[in-house]
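Observations on the three-dimensional arrangement
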Amino acid sequence: MLLDTASLYFRAYFGVPDSVRAPDGTPVNAVRGLLEFIDRLVKDHRPEHLVACMDADWRPHWRVELIPSYKAHRVAEERPAGPDEEEVPDTLSPQVPIIEAVLDALGIARVGVAGYEADDVIGTYTARATGPVDIVTGDRDLYQLVDDARGVRVLYPVKGVGTLNLVDEAALREKYGVDGGGYADLALLRGDPSDGLPGVPGIGEKTAAKLLAEFGDLAGIQAAVADPKAKLTPTQRKRLTEAGPYLAVAPKVVRVADDVPLPDTGTALPHGPRDAEALEALASRWGLGGSLRRLLATLAA
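For every chain, the first residue of the written sequence is number 1, and numbering continues from 1 onward in sequence order. The model is predicted, so local features are restricted to residues of pLDDT at least 70 and side-chain atom pairs to those at 80 or more, both for listing and for counting; the totals for chains, interfaces and linings are taken over all residues. To obtain the side-chain values, all non-hydrogen atoms of the structure were included, while hydrogens and water were left out.

- Naming follows an unreviewed UniProt entry, where the protein appears as 5'-3' exonuclease of Streptomyces violaceorubidus.
- Under the UniProt heading Function (unreviewed entry), the note attached to the protein is "5'-3' exonuclease acting preferentially on double-stranded DNA." UniProt positions are given in the numbering used here, feature names are shortened, and annotations may be inferred rather than shown by experiment.

1. Thoughts on the overall build of the protein
- Elements are defined by DSSP. Helices are runs of H or I of four residues or more, strands are runs of E of two residues or more, and each kind is numbered from the N terminus. A tally of regular secondary structure across the protein gives 13 helices and eight strands.
- With respect to the three principal axes, the spread of C-alpha positions in the protein is 70 × 40 × 35 Å.
- If you take every contact in the protein between residues at least 6 apart in sequence, the share linking residues at least 24 apart comes to 65%.
- All accessible areas in this document rest on Shrake-Rupley with a 1.4 Å probe, and a residue is counted as covered only by the protein chains that are shown. A total of about 14,200 Å² of accessible surface is found on the protein, and carbon and sulfur atoms cover 52% of it.
- We treat Lys and Arg as the positive residues and Asp and Glu as the negative residues; His and chain ends play no part in the count. For charged residues, the charge sits on one atom: NZ in Lys, CZ in Arg, CG in Asp, CD in Glu. The centroid of the 33 positive side-chain charges in the protein is displaced by 6 Å from the centroid of its 45 negative side-chain charges. When checking whether two residues touch, look at their non-hydrogen atoms; a contact exists if any pair is within 4.5 Å.

2. Brief notes about the packing of aromatic side chains
- Here the aromatic set is Phe, Tyr and Trp, taking the six-membered ring for Trp, and pairing holds for ring centres within 6.5 Å; pairs whose planes are under 30 degrees apart are stacked, those over 60 apart are edge-to-face, and all others are tilted. Tallied over the full model, the rule gives seven aromatic pairs.
- Their ring planes at 55° and their centres at 6.2 Å tell us that Y143 and Y176 sit as a pair that is tilted. Of this pair, Y143 sits in the loop between β6 (133-136) and β7 (152-159) while Y176 is found in helix α6 (residues 169-176), placing the two residues 33 residues apart along the sequence. As far as burial versus exposure is concerned, Y143 and Y176 are alike and both buried.
- Criterion for a charge above a ring: Arg CZ or Lys NZ at most 6 Å from the ring centre, at most 35 degrees from the ring normal. One residue, R11, lies across the ring of Y156, its end atom 5.4 Å from the ring centre.
- One residue, R285, lies across the ring of W286, its end atom 3.9 Å from the ring centre. Summary of the burial criterion: residues with accessible area below 20% of their type's maximum are buried, those above 50% are exposed, and those between are partly exposed, where the area comes from a 1.4 Å probe applied to protein chains only.

3. Things to note about the pattern of salt bridges
- For this document, the term salt bridge refers to a Lys or Arg side-chain nitrogen within 4 Å of an Asp or Glu carboxyl oxygen. For the structure on display, the rule yields 18 salt bridges.
- Note that D104 and R110 form a salt bridge whose closest N and O atoms lie 2.8 Å from each other.
- Residue R110 is classed as partly exposed on the basis of its relative accessible area of 29%.
- With a shortest N-O distance of 2.7 Å, E205 and R190 are connected by a salt bridge. Of this pair, E205 sits in helix α8 (residues 205-215) while R190 sits in helix α7 (residues 180-190); the two residues are 15 residues apart in sequence, bridging distant segments of the chain.
- One connected set of salt bridges, linked through shared partners, spans R63, K71, E117 and D120.

4. Quick look at the side chain of E117
- By the element assignment, E117 lies in the loop between β5 (109-111) and α5 (118-128).
- At 2.7 Å, the side chain of E117 and the side chain of K71 are in polar contact.
- Each residue touching E117, except ones within four places of it in the same chain, is listed here: M54, D55, D57, W58, P60, R63, Y70 and K71. By the criterion applied in these results, polar contacts are pairs of N or O atoms within 3.5 Å in which, for protein atoms, one can donate a hydrogen and the other can accept it, and in which residues neighboring in sequence qualify only through two side-chain atoms.

5. Overview of the packing of α7 against α8
- Angles run from 0 to 180 degrees between N-to-C directions of axes, and those axes are lines fitted to C-alpha atoms, restricted for helices to the stretch in contact. The interhelical angle for the contact between α7 and α8, taken along N-to-C directions, is 135°, at an axis separation of 9 Å. Relative to α8, the element α7 is oriented oblique. As for how α7 packs across α8, the hand of that crossing is right-handed. Every residue of α8 that contacts α7 at G182, D185, L186, L189 and R190 is listed here: E205, A208, A209 and L212.
- Side-chain classes are defined by residue name, with Ala, Val, Leu, Ile, Met, Phe, Trp, Tyr, Cys and Pro counting as nonpolar, Asp, Glu, Lys and Arg as charged, and the others, Gly among them, as polar. Taken together, the residues that form the contact of α7 with α8 break down as five nonpolar, one polar and three charged. Every angle not falling under 35 degrees, over 145, or within 65 to 115 is termed oblique; those three ranges are roughly parallel, roughly antiparallel and roughly perpendicular. With the far helix as reference, a near helix turned anticlockwise by less than a right angle produces a left-handed crossing, and one turned clockwise produces a right-handed crossing.

Below, the structure written as structure tokens:
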């Protein structure tokens with residue numbers, strides 16, 4: 001089980017009231033909400049391995065070089081050296097180091113790699129997996145990894161994590177008309193304003209799905225643009241031709257990496273805390289109470 005950790009703690013932050021606070025009054029709604037999420041996921045799905053995948057760089061320079069608008073609207077401060085600062089709610093930012101410390105004390109593998117997003121870490125673990133993989137994320141970008149033959153599916157939270165949409169290839173075909181392999185092509189044609197991806201003007205989700213059904217993949221669509229006999233409307237041909245420079249670079253930006261240099265970290269689900277003393281201190285300092293106790297009981301079971 002691979003957790004898109006930031007996606008989940010953002011959902012926890014907005015789903016749990018900020019009246020949930022530590023003894024000193026600091027909000028810990030994201031911390032406790034994430035612990036509740038993990039407890040429910042482990043209880044319901046019983047993974048053998050669990051990795052909390054992190055954004056060491058939420059907006060990698062190599063992606064921005066190719067498409068400068070990539071996540072540009074979410075930049076709080078540009079930094080010449082190191083990752084740009086992301087716009088994050090004031091009361092969420094201080095909770096992230098607490099989340100990291102609690103996961104470490106629990107012994108839940110926490111993996112982020114410099115220069116890469118959590119999506120890329122997830123993509124690489126998925127590529128290396130020798131058995132089934134559940135990816136837990138509120139980010140549709142990771143639908144591209146869905147692969148029935150390899151047992152890779154996405155668990156997409158609808159309300160908390162009590163209700164999860166199980167996304168397999170049948171679900172993708174029903175909703176988008178593509179399978180996992182085709183989802184990245186659909187996404188880059190359609191565009192995604194939340195990630196600053198312009199897409200091809202005038203090509204929406206339905207048209208993108210039709211083009212992919214007709215021509216197979218992005219390469220097939222590009223070959224059709226170059227073939228005067230191919231069944232494209234004049235408007236489609238014009239729009240796709242004009243978008244040529246974008247389509248030349250978009251695949252590298254949209255497709256998750258599968259070759260990230262992952263650290264040699266044990267990923268087995270822990271049955272007890274790695275550092276009980278540190279965990280006790282964190283629980284007391286931040287008032288983690290029942291959320292942590294329930295997760296510890298679930299791990300022990």
